[in-house]
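Residue strings, one per chain:
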Amino acid sequence: PVYGRDWTCPTCEAIVFASKKMCFRCHTPKPLGPGSGWYDPPPQKGDWTCPSCSCNVFASKTECFRCGESKPGNIFHCHAPKPLGPGGGGYDPPPQK
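Computed from a predicted model, the values in this text were never measured in an experiment.

## Here we look at the overall build of the protein chain
A tally of helices and strands in the protein chain yields zero helices and four strands. When the helices and strands of the protein chain are listed from N to C terminus, the series reads β-β-β-β. Contacts spanning at least 24 positions in sequence make up 9% of the contacts within the protein chain whose residues lie at least 6 apart. Accessible surface, the protein chain: about 7500 Å² in total, of which carbon and sulfur atoms supply 58%.

Pasting the structure below:
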């Protein structure tokens, strides 16, 4: 049974502690709703909707506060590997003696 403000995951039906923002079993974000503890203000100019969890995210943010999804079209937050070495070619010169 669910106690106090604990919540039931809508995806896997696990009972999750109220303080958790995400299901421990399947990582589904805590749903929004009355008594959920989340405040989702009305969108303002420039705000964006997270494509992963549908939260309203402030325009100044580059990733969703709730699930960490990157802002669509954000070229500064990608999962590409970082270049290696000073020239980006993967070669670091030997240390100077």
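## Remarks on the side chain of Asp6
By secondary structure assignment, the location of Asp6 is in the segment before strand E1 (7-8). Despite its burial, Asp6 pairs with no opposite charge, the nearest such side chain being Lys30 at 8.1 Å. From its side chain, Asp6 meets the backbone nitrogen of Ala18 in a polar contact 2.9 Å long. Ignoring anything within four residues of it in the chain, the contact list for Asp6 reads Ile15, Val16, Phe17 and Ala18.

## Observations concerning the environment of Pro43
With respect to the element layout, Pro43 can be found in the loop between strand E2 (15-16) and strand E3 (48-49). Pro43 sits 15 residues away from Phe58 along the chain, and the two C-alpha atoms are 7.8 Å apart.

## Looking at the environment of Cys50
Along the chain, the position of Cys50 falls in the loop between E3 and strand E4 (56-57). In this structure Cys50 comes out as buried when scored by relative accessible area, which is 2%. Taking the C-alpha atoms as reference points, Cys50 and Phe65, 15 residues apart in sequence, are found 9.4 Å from one another. Residues contacting Cys50, with those up to four places away along its chain left out, are Cys55, Val57, Cys64, Cys67 and Glu69.

## Points about the nonpolar core
With six residues, the main nonpolar core is built from Trp48, Cys50, Cys53, Cys55, Val57 and Cys64. Beyond its immediate stretch of four places on either side in the chain, Cys53 contacts Pro29, Cys64, Arg66 and Cys67. Trp7, Cys9, Val16 and Cys23 belong to the second-largest nonpolar core, a separate cluster that totals five residues.

## Some thoughts on the state of the cysteines
Taken as a whole, this structure holds zero disulfides when the rule is applied. Lacking any disulfide linkage, Cys50 is separated from the closest cysteine sulfur, that of Cys67, by 3.6 Å.

Parameters at a glance
- Residues numbered from 1 in each chain as written.
- Predicted model: local features only at pLDDT ≥ 70, side-chain atom pairs only at ≥ 80, totals over all residues.
- Heavy atoms only, no water.
- Helix = DSSP H or I, 4+ residues; strand = E, 2+ residues; numbered from the N terminus.
- Contact = heavy atoms within 4.5 Å.
- Areas by Shrake-Rupley, 256 points an atom, 1.4 Å probe, with all protein chains shown as cover.
- Buried < 20%, exposed > 50% of the residue type's maximum accessible area, 1.4 Å probe, protein only.
- Lys, Arg positive; Asp, Glu negative; His and termini not counted.
- Salt bridge = Lys/Arg side-chain N within 4 Å of Asp/Glu carboxyl O.
- Polar contact = N/O pair within 3.5 Å; in protein donor to acceptor, adjacent residues only side chain to side chain.
- Core = buried A, V, L, I, M, F, W, Y, C linked by side-chain atoms within 4.5 Å.
- Disulfide = S-S within 2.5 Å.

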